[in-house]
Amino acid sequence: MATTERSEIGAGDGVHPGDPVIVDRYTTAARINHWITATSLVLLAISGLALFHPSLFFLTGLFGGGTATRAIHPWIGVILFFGFLGLFFRFWKLNLWKREDGTWLARLRDVLAAHDDKLPEVGKYNAGQKMVFWLMSVLIVTLISSGIVIWNEYFGTYFSVEQKRVAVLIHAIAAIVMICVWIVHVYAAIWVRGTIGAMTRGQVTGGWAWRHHRKWLRELVTGKPGDRPHAPAE
Ligand code: HEM
């Protein structure tokens, strides 16, 4: 539920009328799940780039050398896959496309120009976040499946050289697109002020929720269909 936070100045005397309204957005478990996934993607990108081009080979030093990097990289991929699977099961329903998402997307110019009055009210996630979510889902499945084909240590005998060649190409393309999608995700989280706190503290201000995810906030407060008034943070 929406709660109020104690003011630092008025701490000790209970809730102060001037305190900002604070809304729970993510549970601790969801945040741990998110940061494990995020860390594994960063490590995966660094170790993958280290193996991708000779000019980046020096990055293998971070993982204990070339052989160690080659051995560790796929295992970090396994962690990313299961980490993201956790996020997927937590959030897939909230990322289903709704009618207002098409309108929001069609008015992207107004989104970028901060003409909030011209935008429809959106739920927990906007169309941009939903697209990032589904892109990440497809890319991670592509990365893990192409990665298995080229994971010689365990699956070397199951696939032909031709299959491995195609898999290397798909793996590299998917990795580059994934890095781009990840940059968009992080950029958006920083650009929309007040968003990072959602994933660090698990909370946002009522003002943030009202401005960016008004439908979600309304549902939290009124407990109307499609929402869970007793479990607002996922
Ligand atoms: C390392 C830098 C990252 C930062 C700073 C970051 C930041 C955030 C923030 C602030 C949110 C909350 C957005 C909101 O509630 O409106 C979020 C949500 C989320 N993040 Fe990240 N993130 C990072 C990396 C990743 C990675 C690598 C993945 C997946 C591979 C990921 C997947 C997600 C998902 C699935 C959500 C929920 C949003 C949705 O379901 O549409 N994040 N992230």
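Summary of the structure given here.

The rules behind each value
Residues numbered from 1 in each chain as written. Predicted model: local features only at pLDDT ≥ 70, side-chain atom pairs only at ≥ 80, totals over all residues. Heavy atoms only, no water. Near = heavy atom within 4 Å. Polar contact = N/O pair within 3.5 Å; in protein donor to acceptor, adjacent residues only side chain to side chain. Helix = DSSP H or I, 4+ residues; strand = E, 2+ residues; numbered from the N terminus. Nonpolar A, V, L, I, M, F, W, Y, C, P; charged D, E, K, R; others polar. Phe/Tyr/Trp six-rings, centres within 6.5 Å; stacked < 30°, edge-to-face > 60°. Buried < 20%, exposed > 50% of the residue type's maximum accessible area, 1.4 Å probe, protein only. Lys NZ or Arg CZ within 6 Å of the ring centre and 35° of its normal.

A word on the site of the ligand. Around the ligand sit 25 residues, and of these Arg25, Tyr26, His34, Gln129 and His185 come closest. Take Tyr26: an N or O atom from its side chain is 2.6 Å from an oxygen atom of the ligand. The separation between an oxygen atom of the ligand and a polar side-chain atom of Gln129 is 2.8 Å. Broken down by secondary-structure element, the contributors of at least two residues to the shell around the ligand are helix 1 (28-52), helix 2 (66-91), helix 5 (127-149), helix 7 (161-191) and helix 8 (196-200). Looking at the shell around the ligand residue by residue, the classes come out as 18 nonpolar, six polar and one charged.

Another point: the packing of aromatic side chains. Here the structure, examined in full by the defined rule, presents 14 aromatic pairs. Plain terms: the ring middles of Phe88 and Trp134 are 5.7 Å apart, the flat faces sit at 80 degrees to each other, and that makes the pair edge-to-face. Residue Phe88 is found in helix 2, and its partner Trp134 is found in helix 5; the two are separated by 46 residues along the sequence. For Trp134, a relative accessible area of 30% corresponds to the partly exposed category. Put simply, the rings of Trp75, Trp151, Tyr154, Phe155 and Tyr158 pair up and form one aromatic cluster. Seen from the ring of Trp216, Arg25 lies directly overhead, with NZ or CZ sitting 4.6 Å from the centre. Between the NZ or CZ atom of Arg214 and the centre of the ring of Trp210, over which it lies, the distance is 4.1 Å.

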